[in-house]
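Each chain, written out:
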Amino acid sequence: MAQPMSKRAALKAAKQEAAVERLADVHIPQGAAWANAARDAAKARLVDMGMPARRDEYWKYTRPESLTTPEAEAATVLATGEAPIFDALDRLKIVFVDGVFSQAESDPLEMAGIEIERLESAASKDIHWAKDLYGVLEARGQSPVERPLAALNTALAADGIVIRVTGKAEKPVSLIYRHESEGSDAYLHHCIKLEEGADLTLLENGPAAARFNKVLEVDLADRAAFHHVRAQGRDHERRAATHIFARMGTESVFKSFTLTVNGRLTRNEAVIEMLGDDAVAHIAGAALGHGDFLHDDTVFITHDALNCESRQVFKKVLRSGAVGVFQGKILVKPGAQKTDGYQKSQSLLLDDDAQFLAKPELEIYADDVACSHGSTSGAIDDEALFYLRSRGVPTAEATDLLTLAFVAEAVDEIEDPRLAEEIIGRLEGWLLRRRQG
Amino acid sequence: MLEIKNLHVKLEEEDKVILKGVDLSVEAGSVHAIMGPNGSGKSTLSYVLSGREGYEVTDGTATLEGEDLLDLEPEERAALGLFLAFQYPVEIPGVGNMTFLRTAVNAQRKARGQEELSATDFLKDIRAKAKDLKIDADMLKRPVNVGFSGGEKKRNEILQMAMLEPKMCILDETDSGLDVDAMKLVADGVNALRSEGRSFLVITHYQRLLDHIKPDVVHIMADGRIVKTGGPELALEVENNGYADILAEVA
């Protein structure tokens, strides 16, 4: 006699069915055998785990529907007339328009200390280093928490950039994501391999598309350093699901900062595996939202080596219906002694109609570790506000100054002062525009 | 300069009356001191004048050069030339001291219809004034009052006063938490700012600050009123005999 399906099995079957359906009519790019195999494997992973659903533990606070539908909802293209962030800096520019590489707007793909190539080109070569990275870190990052949108990306992404860094890159590589078409749905997949002692700064900016699904895989060999600063686009209705997967060797350094202002929905996931001793991983973000805005930082850091340090510093400024989500986890594996892990997630709620949902998690299997978390939610400090006003600073300006001060701790995670200044400039701009209505 | 008439104030939340009819007139260029026992309403007076929330004025008036203070926002009072040196200066993590001062100076200039100070002029001005108060470059760079000692916080208040050049300065227990050397430094800073067009109201519990900042007029405050007014000798009387005698005398 057939057993009636349990509720859990029924939900899983529905998720799997949704995955099959989602993959039914999509175009899977074709390339060399290894690339086709990686994409097929990603398809199989996705079908096995199913599409994300609201009942999933890690999708409780953020509804996945608008990120999983076959068609993206349209998003108006924001015309600001301002110079884009990082414009004044010397960097190697790589431009994608609605998720498609634009040769005309990009610099030639060459720079001392790095090999750089489009994914499309790398994936068509029978022998390529990217074979050992493309979809590999993503697949590793599917356990213990599933990340179906990243598997979808590995299966579908036709474009992106692959970079192998052998020395110290002479200037930052800057990925610029332009959004031109209202209904665009973009999938980009980047792979970065840092050889021993290599050093790269990666910049990203722009809304990319109406809906953007991006995976960034970063493999750091021993003593490699990776600095990452991104500013996600300001288009109000845009949606984005991004993943960073990083694997870290001995004494390697990974630092990532993300600024998010506006956007209807942003889910930024980061999965960092610290496999070599004495590695340092810092991931930080500042998100400012007003109105129809949901920003979700979902971070998973695994300590699997001795004496590693990890920091999560996330600040959110929310008002008029904006929602912030933080799901941060530190997993300390058996034997990962002397781990120093800290996570801080704070929100500044500028009115009563804003919401912050935080779920810090620590899971520790070693006994000689220092791990902690701090999560707070509060309003502007009345004492500080009065102090500023008593010195003649009007309320609105004083509130902005205190708001900037609130996010400063996250911005301080950016090592290069020029990049920090660029970010602060954008923060000030956002606050000023809100103040002026 | 500052005219306070029959000022009655209660706490908004507790329905507790703190000031019960304060009358005070501070002439331009003069230094007045208010002394009094704990709980007499001295600090409340300074907060009400500067516009802190949580107090309700139930009667009376307070004007600065004829302008009604009580209807104005704190920042408007500051732009008119009122300055309160806090008893407990507030720490503001994340805001650099220099940024804070430049924002304040320029906000006041803007409110008065003056042009903003250029970065160079501001720097020149603040460096000179900071030097007089023995405030080093590091203190200017650090976040406002964060990690400052008691003395550093009070010197920072005086630096703000020097930069903002107010007409009416209220010093709320500026001597609290200061050792003798720090008090002298703060007093020197205040004395350097004394001028014909600038008045001071020095609120203090003890006479010792008044050895360094010599007042023209001394008021004794008790139970929400000014109960006695005199010359500097009144402060000495408090020092020698305490408040009990004076309070008994006026009771």
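Basis of the calculations
- Here the residue index of a chain counts from 1 through its sequence in written order.
- Both sets of labels track the order of writing: A upward for chains, 1 upward for ligands.
- Local features are withheld for residues below a pLDDT of 70 in this predicted model, meaning they are given only at 70 or higher, and side-chain atom pairs are given and counted only at 80 or more; totals for whole chains, interfaces and linings count all residues.
- To get the side-chain values, take all heavy atoms of the structure and skip hydrogens and water.
- For our purposes a nonpolar core is just a set of buried Ala, Val, Leu, Ile, Met, Phe, Trp, Tyr and Cys residues, chained together by side-chain atoms within 4.5 Å.
- With a 1.4 Å probe rolled over the protein chains alone, any residue whose accessible area is under 20% of its type maximum counts as buried; one over 50% counts as exposed, and the rest are partly exposed.
- Every residue pair with non-hydrogen atoms within 4.5 Å of one another is taken to be in contact.
- Geometry of aromatic contacts follows a simple scheme: Phe, Tyr and Trp rings, the Trp one being its six-membered ring, pair when their centres are within 6.5 Å, and the pair is stacked under 30 degrees between planes, edge-to-face over 60, tilted otherwise.
- Runs of E in the DSSP output that reach at least two residues are strands. Runs of H or I that reach at least four are helices, and both are numbered from the N terminus.
- Criterion for a charge above a ring: Arg CZ or Lys NZ at most 6 Å from the ring centre, at most 35 degrees from the ring normal.
- Lines are fitted to the C-alpha atoms to define the axes, a helix being fitted only along its stretch in contact, and any angle between axes, read from their N-to-C directions, falls within 0 to 180 degrees.
- Here the term charged refers only to Asp, Glu, Lys and Arg, the term nonpolar to Ala, Val, Leu, Ile, Met, Phe, Trp, Tyr, Cys and Pro, and the term polar to all other amino acids, Gly among them.
- Only one rule defines a salt bridge in this text: a Lys or Arg side-chain nitrogen within 4 Å of an Asp or Glu carboxyl oxygen.
- Polar contacts, as counted here, are pairs of nitrogen or oxygen atoms within 3.5 Å of one another; within protein the pair requires one atom able to donate a hydrogen and one able to accept it, and residues that are adjacent in sequence qualify only if both atoms are side-chain atoms.
- The scheme is simple: roughly parallel for angles under 35 degrees, roughly antiparallel for over 145, roughly perpendicular for 65 to 115, oblique for anything else.
- Crossing chirality is assigned from the near helix's rotation relative to the far helix, an anticlockwise turn below a right angle marking it left-handed and a clockwise turn marking it right-handed.
- A helix is expected to span 1.5 Å multiplied by its residue count minus one.
- Patch construction takes residues with relative accessible area above 30% that form no salt bridge. Like charges are linked within 9 Å, and nonpolar side chains (Val, Leu, Ile, Met, Phe, Trp, Tyr) are linked within 5 Å.
- Note on areas: these come from Shrake-Rupley sampling with a 1.4 Å probe, and a residue is covered only by the protein chains present in the view.
- In this charge count, Lys and Arg are treated as positive and Asp and Glu as negative; neither His nor the chain ends contribute.
- Think of each charge as sitting on NZ of Lys, CZ of Arg, CG of Asp or CD of Glu.
- When two parts are brought into contact, each loses some accessible area as probed by a 1.4 Å sphere; the total of that loss over both is the buried area.
- Strands qualify as paired when DSSP identifies two bridges or more between them.

As annotated in an unreviewed UniProt entry, chain B is Fe-S cluster assembly ATPase SufC from Rhodalgimonas zhirmunskyi.

Colleague: Any chance you could explain the nonpolar core here in plain terms?
Modeller: Across soluble globular proteins, nonpolar side chains have a tendency to be buried as a group. Of all hydrophobic cores here, the largest spans 114 residues; its most connected members are Phe257 and Ile423 of chain A together with Ile4, Ile92, Leu159, Met161 and Phe200 of chain B. The residues contacting Ile4 of chain B, other than those within four sequence positions of it, are Val22, Asp23, Leu24, Leu45, Leu49, Thr61 and Ala62 of chain B. Counting residues in each nonpolar core, the second largest holds 53 residues, with Tyr177, Met248, Ala279 and Phe356 of chain A among its members.

Colleague: Would you mind going over the packing of aromatic side chains with me for this structure?
Modeller: Aromatic ring pairs are described here by two measures, namely the spacing of the ring centres and the angle between the planes. All told, the structure shown has nine aromatic pairs over all chains when counted by the stated rule. A centroid spacing of 5.7 Å and a plane angle of 10° characterise the contact between Tyr387 of chain A and Phe100 of chain B, whose relative ring orientation is stacked. Of this pair, Tyr387 of chain A sits in helix 7 (residues 382–390) while Phe100 of chain B sits in helix 3 (residues 97–111), which puts the two residues in different chains. Overall, the relative accessible area of 0% leaves Phe100 of chain B in the buried class. Here Tyr47 of chain B and Tyr55 of chain B contribute two aromatic rings whose centre-to-centre distance is 6.4 Å and whose plane-to-plane angle is 20°, an arrangement assigned as stacked. Its relative accessible area of 13% is what places Tyr47 of chain B among the buried residues. Between Lys359 of chain A and the ring centre of Tyr58 of chain A, over which it is positioned, the NZ or CZ distance is 4.3 Å. Directly above the aromatic system of Tyr47 of chain B lies the positively charged group of Arg52 of chain B, at a separation of 4.3 Å from the ring centroid.

Colleague: Would you explain the packing of helix 1 (residues 7–24) of chain A against helix 2 (residues 33–49) of chain A in this entry?
Modeller: In helix packing, the relevant descriptors are the interaxial angle and the interaxial distance, both defined with respect to the helix axes. All names here are of chain A. Running from N to C, helix 1 and helix 2 cross one another at 145°; their axes reach a closest spacing of 6 Å. Contact residues: Lys12, Lys15, Gln16, Ala19, Val20 and Leu23 in helix 1; Lys43, Leu46, Val47, Asp48 and Met49 in helix 2. Tallied by class, the residues present in the contact of helix 1 with helix 2 amount to six nonpolar, one polar and four charged.

Colleague: Mind showing me how you'd approach the pattern of salt bridges here?
Modeller: Side-chain pairs of opposite charge can arise where the charged atoms are in close proximity. Residues and elements named next belong to chain A. The final tally for this structure, using the stated rule, is 55 salt bridges over all chains. The closest approach of N and O atoms between Arg118 and Asp159, which form a salt bridge, is 2.9 Å. Taken together, the residues span a long stretch of sequence, with Arg118 in strand 3 (residues 114–118) and Asp159 in the loop between helix 6 (148–156) and strand 4 (161–165) at a distance of 41 residues. Here the salt bridges do not stand alone but share partners, grouping Glu82, Arg234, Arg426 and Arg433 into one network.

Colleague: Please clarify how the environment of His179 of chain A should be interpreted in this entry.
Modeller: Residue and element names in this part refer to chain A. Relative to the elements of secondary structure, His179 occurs in the loop between strand 5 (173–178) and strand 6 (185–194). Residue classification places His179 among the buried positions, given a relative accessible area of 6%. Residues His179 and Phe96 lie 83 residues apart in sequence; the distance between their C-alpha atoms is 8.6 Å. For His179, the residues in contact, after removing those within four places along its chain, are Ala75, Thr76, Val77, Asp98, Ser184, Pro207, Ala208, Ala209, Ala210 and Asp235. At 3.4 Å, the side chain of His179 forms a polar contact with the backbone nitrogen of Ala210. Within the structure, the side chain of His179 is placed 2.7 Å from the side chain of Asp235, a separation counted as a polar contact.

Colleague: Honestly, the packing of helix 8 (residues 395–411) of chain A against helix 9 (residues 417–435) of chain A in this entry has me stumped. Any pointers?
Modeller: All names here are of chain A. Remark: helix 8 packs on helix 9, axes separated minimally by 11 Å, with the N-to-C direction vectors making an angle of 150°. It follows that helix 8 is roughly antiparallel to helix 9 by the angle criterion. Helix 9 is crossed by helix 8, and the crossing has right-handed handedness. Contact residues: helix 8 offers Ala396, Glu397, Asp400, Thr403, Leu404, Val407 and Val411, while helix 9 offers Ala420, Ile423, Ile424, Leu427, Glu428, Leu431, Leu432 and Arg435. Along the lines of polarity and charge, the residues of the contact of helix 8 with helix 9 split into ten nonpolar, one polar and four charged.

Colleague: Before we go on, may I ask you to explain helix 9 of chain A in this structure?
Modeller: Each turn of an α-helix holds 3.6 residues, which means side chains three or four residues apart point in the same direction. Residue and element names in this part refer to chain A. With 19 residues, helix 9 extends 26 Å between its outermost C-alpha atoms, agreeing within 8% with the 27 Å of an ideal straight helix rising 1.5 Å per residue. Within the sequence span of helix 9, burial applies to Leu419, Ala420, Glu422, Ile423, Leu427, Gly429, Trp430, Leu431 and Arg434. Residues of helix 9 that are buried sit in contact with strand 7 (199–206), strand 9 (225–232), strand 11 (253–261), strand 13 (280–290), strand 15 (309–319) and helix 8.

Colleague: How should a negative patch on the surface be read in this particular structure?
Modeller: A contiguous patch of negative charge on the surface is contributed by Asp381 and Asp382 of chain A together with Glu12, Glu13, Glu14 and Glu53 of chain B. As for its position among the elements, Glu14 of chain B is in the loop between strand 1 (2–11) and strand 2 (17–26). Residue Glu14 of chain B is classed as exposed on the basis of its relative accessible area, which comes to 56%.

Colleague: Mind showing me how you'd approach the interface of chain B and chain A here?
Modeller: How big an interface is tends to be expressed through the accessible area that disappears when the partners come together. On the side of chain A, 17 residues touch chain B, which itself brings 29 residues to the contact. Carbon and sulfur atoms make up 65% of the area that chain B and chain A hide from each other, which totals about 1900 Å². At the boundary of chain B and chain A, one finds eleven residue pairs in polar contact (both at pLDDT 80 or more). Breaking the side of chain B that touches chain A down by element, the ones donating at least two residues are helix 2 (74–80), strand 6 (82–85), strand 7 (92–96), helix 3 and helix 6 (150–164) of chain B.

Colleague: What is the right way to look at the environment of Thr174 of chain B in this model?
Modeller: All names here are of chain B. One can find Thr174 in the loop between strand 9 (168–172) and helix 7 (180–193). Using a relative accessible area of 2% as the deciding quantity, one classes Thr174 as buried. Each C-alpha atom of the pair Thr174 and Gly41 lies 16 Å from the other, and the pair is 133 residues apart in sequence. Apart from residues lying up to four places away in sequence, Thr174 is in contact with Ala85, Lys154, Val186 and Ile203.

Colleague: Even after reading the chapter, I still don't get the sheet that holds strand 5 of chain A, so can you show me in this structure?
Modeller: Across a sheet, strands are paired by hydrogen bonds formed along the backbone, either parallel or antiparallel in direction. Residue and element names in this part refer to chain A. Here we have ten strands laid out as an open sheet, ordered 2-1-5-7-9-11-13-15-17-19, and mixed in their pairing. A strand with exactly one partner marks an edge of an open sheet, and here the two such strands are strand 2 (100–101) and strand 19 (370–378). On the sheet, helix 8 packs against strand 11, strand 13, strand 15 and strand 17 (340–349) and is oriented at approximately 155° with respect to strand 15. Most of the contacts of helix 9 go to strand 13, to which it runs at about 20°, and overall it touches strand 7, strand 9, strand 11, strand 13 and strand 15.

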